[in-house]
Amino acid sequence: MRSDEWWKKAVVYQIYPRSFADSDGDGMGDLRGVIDHLDHLAELGVDVLWFSPIYPSPQDDNGYDISDYQDIEPLFGDLATFDELLAGVHHRGMKLIMDLVVNHSSDEHAWFQESRSSKDGPKRDWYWWRPARDGMEPGTPGAEPTNWGSVFGGPAWEYDEKTGEYYLHLFSRKQPDLNWENPEVREAVYAMMRWWLDRGVDGFRMDVINMISKDTSLPDGRLSAGTAYADGSAAYVGGPRLHEFLQEMHREVFAGREGLLTVGEMPGVTVDEARLHTDPARQEIDMVFQFDHVWVDRGTDPWMLQPLQLTKLKAILGRWQAGLADLGWNSLYWNNHDQPRVVSRYGDDGPEHRVASAKMLGAVLHLHRGTPYVYQGEELGMTNYPFGGIEDFRDIEALGHYRQALDLEGRTPDEVLTVLRARGRDNARTPMQWDASPQAGFTTGTPWLAVNPNHREINAAAQRDDPDSVFHWYRQLIELRHTEPVVAGGDFTMLLPNDERLYAFTRRLDDTELLVIGNFTGETVGAEIEDAAAWSSAELLLTNAAAPDDLRLGPWQVVVYRRTVRR
Ligand code: GLC
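Residues numbered from 1 in each chain as written. Predicted model: local features only at pLDDT ≥ 70, side-chain atom pairs only at ≥ 80, totals over all residues. Heavy atoms only, no water.

Draft legend 1. Molecular detail of the overall build of the protein chain. Each helix and strand in the protein chain was counted, giving 17 helices and 18 strands. Relative to the compact-globule value of 24 Å for 567 residues, the protein chain shows a C-alpha radius of gyration of 24 Å, a close match. Dimensions of the protein chain along its principal axes, counting C-alpha atoms only, are 75 × 55 × 45 Å. Looking at the protein chain as a whole, 60% of its 567 residues qualify as buried. Nonlocal contacts in the protein chain, meaning residues at least 24 apart in sequence, comprise 70% of its contacts between residues at least 6 apart. Of the accessible surface of the protein chain, which amounts to about 21,200 Å², a share of 47% is contributed by carbon and sulfur atoms. Charged side chains in the protein chain number 55 positive and 91 negative. The centres of these two groups are separated by 3 Å. (Helix = DSSP H or I, 4+ residues; strand = E, 2+ residues; numbered from the N terminus. Rg over C-alpha atoms; globule rule 2.2 N^0.38 Å. Buried < 20%, exposed > 50% of the residue type's maximum accessible area, 1.4 Å probe, protein only. Contact = heavy atoms within 4.5 Å. Areas by Shrake-Rupley, 256 points an atom, 1.4 Å probe, with all protein chains shown as cover. Lys, Arg positive; Asp, Glu negative; His and termini not counted. Charge placed at Lys NZ, Arg CZ, Asp CG, Glu CD.)

Draft legend 2. Local environment of the nonpolar core. Judged by nonpolar contacts, the single largest core of 132 residues is most densely connected at Tyr13, Leu49, Phe82, Met193, Trp196, Phe204 and Met249. If one sorts the elements of this core by residue count, helix H5 (residues 183-199) sits on top with 8 residues. Beyond its immediate sequence surroundings of up to four residues, Met193 is in contact with Leu100, Phe204, Met206, Met249, Val253 and Phe254. Within the second largest apolar cluster, 17 residues are counted, among which are Ala132, Tyr166, Leu170 and Tyr236. (Core = buried A, V, L, I, M, F, W, Y, C linked by side-chain atoms within 4.5 Å.)

Draft legend 3. How the structure looks around the sheet that holds strand S11 (residues 371-375). On the basis of which strands lie adjacent, the open sheet formed by 8 strands has the order S9-S8-S7-S3-S2-S1-S11-S10 and parallel pairing. Because the sheet does not close on itself, it has two edges, and the strands there are strand S9 (287-289) and strand S10 (331-332). As paired strands, strand S1 (residues 12-15) and strand S2 (residues 48-51) are joined by 4 bridges and run parallel to one another. Directly across from Ile15, in S2, lies its bridge partner Phe51. Across the sheet, H5 touches strand S3 (95-100) and strand S7 (203-206), and the angle it forms with S7 is around 135°. (Pairing = 2+ DSSP bridges. Axes fitted to C-alpha atoms, helices over the stretch in contact; angles between N-to-C directions.)

Draft legend 4. Representation of the packing of helix H11 (residues 396-407) against helix H12 (residues 413-423) in the model. With their axes 10 Å apart at the nearest point, H11 and H12 run at an angle of 150° to one another. Considering their axes alone, H11 and H12 lie roughly antiparallel with respect to each other. Along this stretch, H11 crosses H12, giving a crossing that reads as right-handed. Seen from H11, the contacting residues are Ala398, His401, Tyr402, Ala405 and Leu406; seen from H12, they are Pro413, Val416, Leu417 and Leu420. (Parallel < 35°, antiparallel > 145°, perpendicular 65-115°, else oblique. Left-handed = near helix turned anticlockwise from the far one by under 90°.)

Draft legend 5. Region of the structure containing the sheet that holds strand S5 (residues 157-160). Pairing in this open sheet of 3 strands is antiparallel, and the strands run S4-S6-S5 from one edge to the other. A strand with exactly one partner marks an edge of an open sheet, and here the two such strands are strand S4 (129-130) and S5. In terms of strand pairing, S4 meets strand S6 (residues 165-168) through 2 bridges, oriented antiparallel. Bridging across to S6, Trp129 finds its partner in Tyr167.

Draft legend 6. Structural context of the site of the ligand. Surrounding the ligand, one finds 14 residues, the nearest of these being Asp61, Asp207, Glu265, His337 and Asp338. Side-chain polar atom of Asp207 to an oxygen atom of the ligand: 2.8 Å apart, as the coordinates give it. Separating an oxygen atom of the ligand from a side-chain N or O atom of Asp338 is a distance of 2.5 Å. The residue inventory of the shell around the ligand, partitioned by class, reads 4 nonpolar, 3 polar and 7 charged. Each of two domains, domain 1 (3-105 + 183-218 + 232-472) and domain 2 (106-177), supplies a minimum of three residues to the shell around the ligand. (Near = heavy atom within 4 Å. Polar contact = N/O pair within 3.5 Å; in protein donor to acceptor, adjacent residues only side chain to side chain. Nonpolar A, V, L, I, M, F, W, Y, C, P; charged D, E, K, R; others polar. Domains from an automatic or database assignment.)

Draft legend 7. Seen up close, the environment of Asp426. Mapped onto the fold, Asp426 is located in helix H13 (residues 426-429). The buried category is assigned to Asp426, whose relative accessible area is 0%. Sequence separation between Asp426 and Glu397 is 29 residues, and the spatial gap between their C-alpha atoms is 9.5 Å. The residues contacting Asp426, other than those within four sequence positions of it, are Phe387, Phe393, Arg394, Asp395 and Leu449. In terms of polar contacts, Asp426 uses its side chain to reach the backbone amide nitrogen of Arg394, at 2.6 Å.

Draft legend 8. The arrangement of the pattern of salt bridges in detail. Within this structure, the stated rule accounts for 39 salt bridges. A salt bridge links Arg205 to Asp99, with the nearest nitrogen and oxygen atoms 2.8 Å apart. Here Arg205 is found in strand S7, whereas its partner Asp99 is found in strand S3, with 106 residues between them in sequence. Residue Asp395 is joined to Arg425 by a salt bridge in which the shortest nitrogen-to-oxygen separation is 2.9 Å. Here Arg425 lies in the loop between H12 and H13 and Asp395 lies in the loop between S11 and H11, a separation of 30 residues in the sequence. Because the salt bridges share partners, they merge into one network encompassing Asp61, Asp338, Asp395, Glu397, Arg425 and Arg429. (Salt bridge = Lys/Arg side-chain N within 4 Å of Asp/Glu carboxyl O.)

Draft legend 9. Expanded view of helix H10 (residues 354-366). For H10, with 13 residues, the first-to-last C-alpha span of 18 Å sits near the 18 Å given by 1.5 Å per residue. Along H10, 12 of the 13 residues are buried, which leaves the element largely enclosed by surrounding structure. Where H10 is concerned, the buried positions are Arg354, Ala356, Ser357, Ala358, Lys359, Met360, Leu361, Gly362, Ala363, Val364, Leu365 and His366. (Expected span 1.5 Å × (residues − 1).)

Draft legend 10. Highlighting the pairing of strand S18 (residues 558-564). Extensive coverage of S18 is indicated by the burial of 5 of its 7 residues. When strand S14 (residues 512-519) meets S18, the two strands line up antiparallel, connected through 7 bridges. Its bridge partner lying in S18, Leu515 is registered against Tyr561. Where strand S16 (residues 539-543) meets S18, 4 bridges bridge the pair, whose relative direction is antiparallel. What sits directly across from Glu539, in S18, is Arg562.

Draft legend 11. Structural view of the packing of aromatic side chains. Counting across every chain of the model gives 32 aromatic pairs. Put simply, the rings of Tyr55, Tyr69, Phe82, Trp111, Trp126, Trp195 and Trp196 pair up and form one aromatic cluster. Between Arg298 and the ring centre of Trp295, over which it is positioned, the NZ or CZ distance is 4.0 Å. If you follow Arg563 out to its NZ or CZ, it ends over the ring of Trp535, 3.9 Å from the centre. (Phe/Tyr/Trp six-rings, centres within 6.5 Å; stacked < 30°, edge-to-face > 60°. Lys NZ or Arg CZ within 6 Å of the ring centre and 35° of its normal.)

Pasting the structure below:
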């Protein structure tokens, strides 16, 4: 393993700052709150902290709408507190990466204010401005320059009366897309990135980075039945100049700097594209976040619910493991601030099986080849929130989808709420559960989003004292990656691809081999694998229940065996 690929042995922890810890009682997490809890993260043993955006922002999309890239959101603190936080992170031997959101800015960013002010100003072309569709009255329904829908509901274009044109926003109307075709935009972004690296940060997680290059002809998308707007993604996902832009960014920002981590969020990326993006020789980025394995239970439409089919999940993750085996690198995640909690989604969050299934899911993920990401609270087995009506949700995506589905797509509130309760992003965003006190130790005030009532049972304080907790299980998984070379460096072989109940694979490096089997059901299931007798007498490295007889795994059990093989 090359020394500049230190992140192959690393585990990253994601902090969603507004929900992590509130130090001043305003109900909103902040940087001082993170400083106060750094020892929790050091004890867990993670190597890198990724912060969701902490820059000044109108908070239309909880900070993914940035109005100043070179400062700190006052709700969260200031640059001096940030420097103190960064020093505290480095002091504990961890690194810190920032969220880089440059597909779009906030509409309140000075760049956009200037761009919007006149048709011929110097920054007009920093964003995507277009006139109304030919022959249509500007500002009337259907006159938008393309038929694309925005990710958060409604059209992807907003009419701006001031100059009588529309601007593109793939996300909310307060998130206008930056025009990466313009070299001045790119230079401004690179300068800002260098400024953060000079300040001491260790890299970037790059928000929807595979959308920065658009087909400049902006073609209409295909409309599918029952939806109000078309899917325009063919024109902007993995667009024509994406590789060129990432290589330029590498040259302009990363070249000559060491010890960095770059990970690109890329919804819709293919394995072949990911190989290109992460091939070290091509000098783009270190790894990508793909979405296939979290889209496995959603059917053809993102807002459809389908039960998990384990064989599909294995086929997907197996394809990614194989595709990036000899070139490039995988990132591994079940959770982030956009996904429901995995124990509620692919596990069983009821009292009987929550702990076992959270541990099983953690072990299966962490023992794949790739860099694992832990999302805050995942190390406690935090669950989805018991949402009632739409008034319980805060997320712009949930609210936008609700309106569009009811007003334009003929859905009933019950139908839409059922989906939002299972899939809504707010499931991941409820406050971190530190202890059993009334607001879970998150705040002394009123939290911006309700604390999950199950914090009385599920919280960090209780788990730190309990060696059998999900917390200590994650601690062990992270330690294993650091100490057992096969975890980071071994090759990967999927077993039992047609089994709907067991997830099984081996890892191998030199003469060390691991066998991992996870039971994705609440029943006892026997694993019919080759060599079962030999394996069941091998060293049982980890399990979340009693040692099994003959590889018969109890409900949600996971086993990890290790053996030495002759070459
Ligand atoms: C990414 C972020 C998500 C955000 C969107 C727009 O997908 O993870 O939270 O809403 O980009 O920035």
